[in-house]
Amino acid sequence: LLVTNLNAPPSLHISLIRLEKLHSIINLLLEDSPPLSLRQLDVELREVPKLTGPLSVCLNVINSCNLRCIHCYTYSSTNHREKLSLDLAESIAVQLGKIRIPRISITGGEPLLHENIFDLVKILTKYNPVVSLNTNGTLLTRENIRVLKKCGLDHINVSLDGPADIHRSIRRCGGIASLDTYQLAIHAIKIAKEEGLEPRILHTVMKSNLNYIDKTIKTAKDLGVRITIKRVIPSGRTIDNSEEILN
């Protein structure tokens, strides 16, 4: 209701949702943060700006990936070479900037395989306020983290799909038997945090890890990072593993 009625007058907001109920839910999510008063919440609702487009956009810059995850909605692998050119990226960035998209997520495939990834980040951050990058974490190093930060990247989203054995079974290594996808993801989160580029955990829920959400949340808390939880998208390689699709 909040999303579909953001531009409604405050009286309509209050008639559509019980402010007290929303108040309790928000404070539950805030957990250890200072509690939000009903008056503060009412002010927040009154001050919601007019939307000029989507709240966020995911920009697929490459279809190539060094992993073969069972739930990949783009069916990415090392065999796919399609990628976004810098000229097209700038054209898209300008258009998104004009309609004031608040957030852009660079995704793929594995974006770090794009040979011009740093230039892409520079272009997107030139026209858009908050740009993040989604990665499996296996290619992150201190060096490229520092460059990404210098290019203006706001934060980095590292995929983590559960405890070590669950994550490894989901994030298949594309033929590289020695690649420990779990330890590399955890390492990526730690070094990004040390280098001052905010890391966040991106957790995709499917049948294989449905019973381990609490463990992944605990991992996020232990690492001191935020977590985004989303459900598996029923397309791409997920169709080949349809048993993973949630009802």
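This text goes with the structure placed above it.
Presented here is a report on the structure given in the accompanying data block. No experiment lies behind these values; they were computed from the predicted model shown.

### Structural notes on helix H4 (residues 86-98)
Helical geometry note: an α-helix holds 3.6 residues per turn, so side chains three or four residues apart project in the same direction.
Now for step 1: Counted at 1.5 Å a residue, the expected span for H4 with its 13 residues is 18 Å, and the 18 Å between its end C-alpha atoms agrees.
Now for step 2: Restricting attention to buried positions, one finds in H4 the residues Ala89, Ala93 and Leu96. Seen along its axis, H4 keeps its buried residues to an arc of 70°; they face one direction. Seen from the buried face of H4, the exposed residues on the opposite side, beyond 90 degrees, are Asp87 and Lys98.
Now for step 3: The secondary structure elements touched by the buried residues of H4 are strand E1 (56-60), strand E2 (103-107) and helix H5 (117-127).
Now for step 4: Looking one or two places after H4, you find arginine 100, whose phi comes out positive at around 55°.

### Focus on the layout of surface pockets
Now for step 1: Taken as a whole, the largest pocket spans an internal volume of roughly 710 Å³.
Now for step 2: Along its surface, the largest pocket is lined by 35 residues, and Tyr73, Thr107, Asn134, Leu202 and Lys230 are the ones closest to its centre.
Now for step 3: Going through the elements one at a time, E1, E2, strand E3 (130-135), strand E4 (155-159), strand E5 (198-205) and strand E6 (226-231) are the ones with two or more residues in the lining of the largest pocket.
Now for step 4: Counting residues per element, the lining of the largest pocket draws most heavily on E2, which supplies four residues.
Now for step 5: In the lining of the largest pocket, the residues fall into 12 nonpolar, 17 polar and six charged.

### Notes on the packing of H4 against H5
Now for step 1: The contact between H4 and H5 brings their axes to 8 Å, and the two run at 20°. Between H4 and H5, the interaxial angle falls into the category roughly parallel. At the point where H4 passes H5, the crossing takes the right-handed sense. Residue-level inspection shows Leu86, Ala89, Glu90, Ala93, Val94 and Gly97 of H4 in contact with H5, the latter providing Asp119, Leu120, Ile123, Leu124, Lys126 and Tyr127.

### Quick notes on the pattern of salt bridges
Now for step 1: For the structure on display, the rule yields nine salt bridges.
Now for step 2: In this structure, the salt-bridge partner of aspartate 222 is lysine 218, at a minimum N-O distance of 2.9 Å. With a gap of four residues between them, aspartate 222 and lysine 218 both fall in helix H9 (residues 213-223), about one helical turn apart.
Now for step 3: Through salt bridges that share partners, Arg142, Arg146, Glu194 and Glu195 make up one connected network.

Calculation rules
- Residues numbered from 1 in each chain as written.
- Predicted model: local features only at pLDDT ≥ 70, side-chain atom pairs only at ≥ 80, totals over all residues.
- Heavy atoms only, no water.
- Helix = DSSP H or I, 4+ residues; strand = E, 2+ residues; numbered from the N terminus.
- Expected span 1.5 Å × (residues − 1).
- Buried < 20%, exposed > 50% of the residue type's maximum accessible area, 1.4 Å probe, protein only.
- Arc of directions from axis to C-beta.
- Contact = heavy atoms within 4.5 Å.
- 1 Å grid on protein atoms, 1.4 Å probe; cavity = no way out; pocket = protein on both sides within 12 Å on 5 of 7 lines; lining within 4 Å.
- Points joined across faces, edges and corners; volume = space filled by probe spheres on them.
- Nonpolar A, V, L, I, M, F, W, Y, C, P; charged D, E, K, R; others polar.
- Axes fitted to C-alpha atoms, helices over the stretch in contact; angles between N-to-C directions.
- Parallel < 35°, antiparallel > 145°, perpendicular 65-115°, else oblique.
- Left-handed = near helix turned anticlockwise from the far one by under 90°.
- Salt bridge = Lys/Arg side-chain N within 4 Å of Asp/Glu carboxyl O.

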